[in-house]
Structure formats: structure tokens, C-alpha cells
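Breakdown of the fold
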Amino acid sequence: MQKNLYHIEPIMLSQFADGEVKPDEAERIRQHLSDCPDCRKAMNDNLFLSSHFNNYISLNTSAINPSALETKVLEKIHYKNEILLDKIKRILFSDKILIPTSAMASVLVILFCFSYQFIYRNSDGPVNRLTVPTSAVSAPSAIVDSFSGETTTVMIMETPHSHETILWYNEKNEKV
Amino acid sequence: MSKKVKAKKHAEHLLIERLKQGDEDAFVSLMRQYRAALINIAYGITSDSEESQDIVQEVFLKVYSSIHSFNEKSSIRTWLYRITVNQSLNWIRTWKRRLKWQHQSLTQETSGDGINQPELGSEKYSPSDLFEEKELTWRFEKELKALPKKTRAVFVLRENQGLSYDEIARVLNIKRGTVCSRLYHARLKLKKALLKGDR
Amino acid sequence: MKKSEIKVVLTIGKTLLALASFFILMTNIVYASQFNVTITTIVASHGNKGVDRRIGGQIKELQASFRYSSYQLVNKTHKRLALNQTGNAPLPGGRVLSITPLGVAGNRAKLKLAVFKNGSSNFQTVIQLLNNGRIIVGGPQHGSGVIIFIISNSF
């Protein structure tokens, strides 16, 4: 009976240890391992390495407190959120924003005044809407500052309903 | 797809939805589920527990801020592992961190082998056993640190997290064959370090 | 916010307010420099022609103020005048009414009116007319009736 004329390729053994070979190949390696002490040792060395590595990691990370880490992360998130809010506040209320915003507001007020005057003074519709009936106004519709000329009589009166000013005069050469 | 896998996927999808809505409880739940694994991966690559903590913190902060960009093409585990590996590989040590690390090394040196070592003269360990154990660990650590970090990443994902070659390939965005050869070389070197003694 | 910062903000605010007030004032001046003046010329008499329908709503006030039986519209002239710009409107009997806006006082336009007959001015007056207000000027004889001209303005 021929025994162990060959050894499993180390790379194949590595794949076998990781369960990354096809089932028929795995079966062949398994059979070989039962018969070949050298390959079995190589296989055990892989397992020993694996357990040693995992022990090494767990030993060195055992001092790390996961809860503390979790708290730190949450603290940082809260802090970042606060900073973000603070930044937004600072940006909104900084001179860089406040001054241009104020200027913009002033410009808008000016524009509003322009448009108000333009719309309400130069078009028929709004003027009519804004026109206050003179009757509702106690002041006369017109104040006569001065008059002069070749006149015989000058009278200043008011209409009975809307109290519009009437300026009545007679030319000098006219018969009154 | 089995019912169990379907249910797991659905639960994960719900968790992601909650995370995207900014649910802090969901985030805490995610941290509790993965923090240990991520610490192990980070330590497996950096061999520095303090750096590993910082890395994992950064990973979770990154996840919190970029969960909206997670498109669920891969599982959340793959995504988290990928971020952790990248963060560990790209970890830039500041001068402060270097000094801190050096300081800690010296402290460890002067205070013996640390709190995890059994007492001298106890039944389990004789002084010679302790010496051998210490030397073995020293050799192993030296060899591990000498490995390329990308190889260490493959090794830790396989040996510590039990990921398949395909999963490792997805996390690291490399070919399956590359995973296989990196694992083989890592084992070869580390086994040499472990077996230099009598074992 | 520090005290110095508050001071700076207040100063800036005051300056902006002053600027805004200045601009509003300027807009008033700019826009007030445009006066829309309408002159409606009517000849009123004791004839039997009745009321000219074209006179419109103004007739009620006229009828309430005067006892003429006939009101005939002669013409209606619209003028858009700038400050100190004189606009003329023809009146019956070879007369001409010239109107010159002199400025704005509160809500009133200061208008200078002059009636010319045969090339010389025989009546001048300066009035302050409410914005959107009217003044009825009348008296000069024309044929068997009198001339009435209603001046309205808006600015």
C-alpha cells in the first residue's frame, strides 16, 4: 500500500482551513490528512496560529471599554450638532450677514416706496381707489395763496356737497 | 433566499431607515452590534489599542454623518468593515499621538508584561514558561507588525471575523485570488514566528 | 454680543435708516416733479341747451353751486407737467390758461394759474391744490354765458 507520496500544497491547505475548497476536493484533503502526519501538523499549525492571533487581539483589546467608546461617540455627535447650531446662529447674526441683510431690507423698503408711488400715482385705477372724497375732508380742496390782475371782484367759495373750492372772478371790462 | 436571511435583511433595512431618520436609539443599537468587531479589526491592522478606539470612534461618526449616502448595495456589515479598514489603513499619526504611543510603550516596559500576566511561581506558570510565552508573543507581534497592512486587513477579516474570501474581496474591493494569496503569505510568515521555538 | 459690537450694529442701523429716509425723500421729490393736470372747460348759461352729457359726474356739484340751466363742455385738456414747467390750455374767447407747478407742500401741489386775454395776463393766482383734488375757477363772460374751468391734479 502506497502511503503519502505527496503532501497537500500549503496554499491549498490554507484554503481548506478556511472552508474555501470544493466539496470533492475537501473530501480528498480530509482523507489525506488522516493518513499524513506532516500535513496534519501543518493543518494544526494553521489552527494554532488562528487561535493565537485571536487570543492576541482579545487580550490587547480587553482594556477597551466599549460603553465608554459609545458615550464618547454620542458626546461628539451632540457636540458637533451644537457646534453646527452655533455656527448657523453665528452666521445668521454675524456682521457679514447682518449688514448685507439690513442693506437689502433698506433697498427693499426703498423699492417698495418707489413702486408704491409709481403704481398709486401714475395709473388710473389705484388713484381712483385712493382718492378721498373731498366731502370727507374738512380742509378745502384748494387754498388760494394770492391773486392779482385786472379784476373787479374775486370770490372764494365752496361747493355744498364735496366742499370743492370755487374761485370766482370778473374781468375788469366786463359788466357784472 | 431562506426565510431567516430574508428576515435579517428586512430588519437591517428597518435599522438603516431609522438611522437615516436620525434615530439615536437605532444608532446606539448599531454601535452595540458592531463596536467589538470594529475594535478587533482596527487593532488587527494597527496593533495599537488607543488608535483602535480613535479609529472606531471616527468610523461611527462617519457612519452617522454619511448614512444618507449608504445605498444598501452591500450589507451594512460590509460597509462598516470597509470604512474601518480604510480608516485604519489611512490613519495618520499626529506627533502628539506618536509621543503618546512611545510614552505608553515605555510605561509597559517598566511595569512588566501588564495586568493580564499570571503571577510568577503559580502552579500554572513557571518563570521559564512565562519567558517562553513572552518571547513567543514578542516574535509574533514583531512579525505581525512587519506584515503589509493590506495583508493584515485580509488576515484579521478572515481569522477574527470569519469572513469568506468573497466577502473579504467585497470589503477590500480586491480579487478573490488576491485574498487567497495574501492569506497564505500571512500564515506562512506568522507560523514561522510562532514555530521558531520548540512548539 | 459685546457692547462694542452692539454700538457698531446700532451705528450701521442708524446710517441705513438715514439713507433709507433720504432715498424715500428723494423719491418723493422725483415723483412729485411730475404733475398730472386736467382742465375741463365749460360754458354755463341760462340757455335751453341743457347739460352736456360729456361733463359726467361733475355736473351735480356745478348744479348745486350755480343756477345756470345750460352747461356745455368746450374742451378737456390733460397736461403732464414737470416742476416749473408751464402748460397752456385754450379757453373760449381767445383766452389761454397757463398752469405752472411751483412745488409740493405736504399733500398739496402749489400751482400758479394765469389767464391771458389778447396776449396779456388779466388774472393770476397761486393756489395749493390737494393731491387728487379739484378747484372750480369761473367768472369770465363768454357770449351770454360764463366760462367755468375745473382744474384737477395728481402727483
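Right above here is the structure, for reference.
I will try to describe carefully the structure that is included in this document. (Residues numbered from 1 in each chain as written. Chains lettered and ligands numbered in written order. Predicted model: local features only at pLDDT ≥ 70, side-chain atom pairs only at ≥ 80, totals over all residues. Heavy atoms only, no water.)

Details of the overall build of chain C
The helix and strand inventory of chain C stands at 2 helices and 8 strands. When the helices and strands of chain C are read in sequence order from the N terminus, they spell out α-β-α-β-β-β-β-β-β-β. Every one of the 155 residues in chain C was classed for burial, and the buried ones make up 46%. The contacts in chain C between residues at least 6 apart in sequence include a share of 46% that link residues at least 24 apart. When the accessible area of chain C is evaluated, it comes to approximately 7,700 Å², of which 57% is carbon and sulfur surface. (Helix = DSSP H or I, 4+ residues; strand = E, 2+ residues; numbered from the N terminus. Buried < 20%, exposed > 50% of the residue type's maximum accessible area, 1.4 Å probe, protein only. Contact = heavy atoms within 4.5 Å. Areas by Shrake-Rupley, 256 points an atom, 1.4 Å probe, with all protein chains shown as cover.)

Considering the overall build of chain B
Secondary structure assignment for chain B yields 9 helices and 0 strands. Listing each helix as α and each strand as β along chain B from the N terminus yields α-α-α-α-α-α-α-α-α. Residues counted as buried form 39% of the 199 residues belonging to chain B. Summarising the internal contacts of chain B: among those between residues at least 6 apart in sequence, 65% fall at separations of at least 24. With an accessible surface of roughly 11,800 Å², chain B has 50% of that area assigned to carbon and sulfur atoms.

Regarding the state of the cysteines
By definition, a disulfide links two cysteine residues through a covalent bond between their sulfur atoms. Under the definition given, this model contains 0 disulfides over all chains. Cys39 of chain A carries a free sulfur, and the closest cysteine sulfur to it, the one in Cys36 of chain A, is 3.6 Å from it. (Disulfide = S-S within 2.5 Å.)

Observations concerning the interface of chain A and chain B
Frequently, the measure chosen for interface size is the accessible area removed from exposure when the parts meet. The interface of chain A with chain B comprises 35 residues on the first partner and 42 residues on the second. Here chain A and chain B share an interface that buries about 3,900 Å² over both sides, 64% of which is from carbon and sulfur atoms. If you sort the residues of chain A by the area they bury against chain B, Leu49, Phe53 and Tyr56 of chain A come out on top, with a joint share of 17%. The tally of links between chain A and chain B comes to 18 residue pairs in polar contact (both at pLDDT 80 or more). For the side of chain A that touches chain B, the elements supplying multiple residues, two or more each, are helix H1 (10-17), helix H3 (37-61) and helix H4 (66-93) of chain A. (Buried area = accessible area lost by both parts, 1.4 Å probe. Polar contact = N/O pair within 3.5 Å; in protein donor to acceptor, adjacent residues only side chain to side chain.)

Topic: the side chain of Gln161 of chain B
Residue and element names in this part refer to chain B. Among the structural elements, Gln161 can be located in the loop between helix H7 (149-159) and helix H8 (165-172). Looking at Gln161, its side chain comes within polar contact range of the side chain of Asn160, at 2.7 Å. In this structure, Gln161 is in contact with Ala37, Asn40, Ile41, Tyr81 and Val156, ignoring residues within four places of it in sequence.

Quick notes on the side chain of Thr61 of chain A
Relative to the assigned elements, Thr61 of chain A resides in helix H3. In this structure the side chain of Thr61 of chain A is engaged in a polar contact, spanning 2.8 Å, whose partner is the backbone oxygen of Ile57 of chain A.

Here's the deal with the environment of Ile150 of chain C
Following the sequence through the fold, Ile150 of chain C ends up in strand E8 (residues 145-154). Between the C-alpha atoms of Ile150 of chain C and Arg134 of chain C, which are 16 residues apart in sequence, the distance is 6.7 Å.

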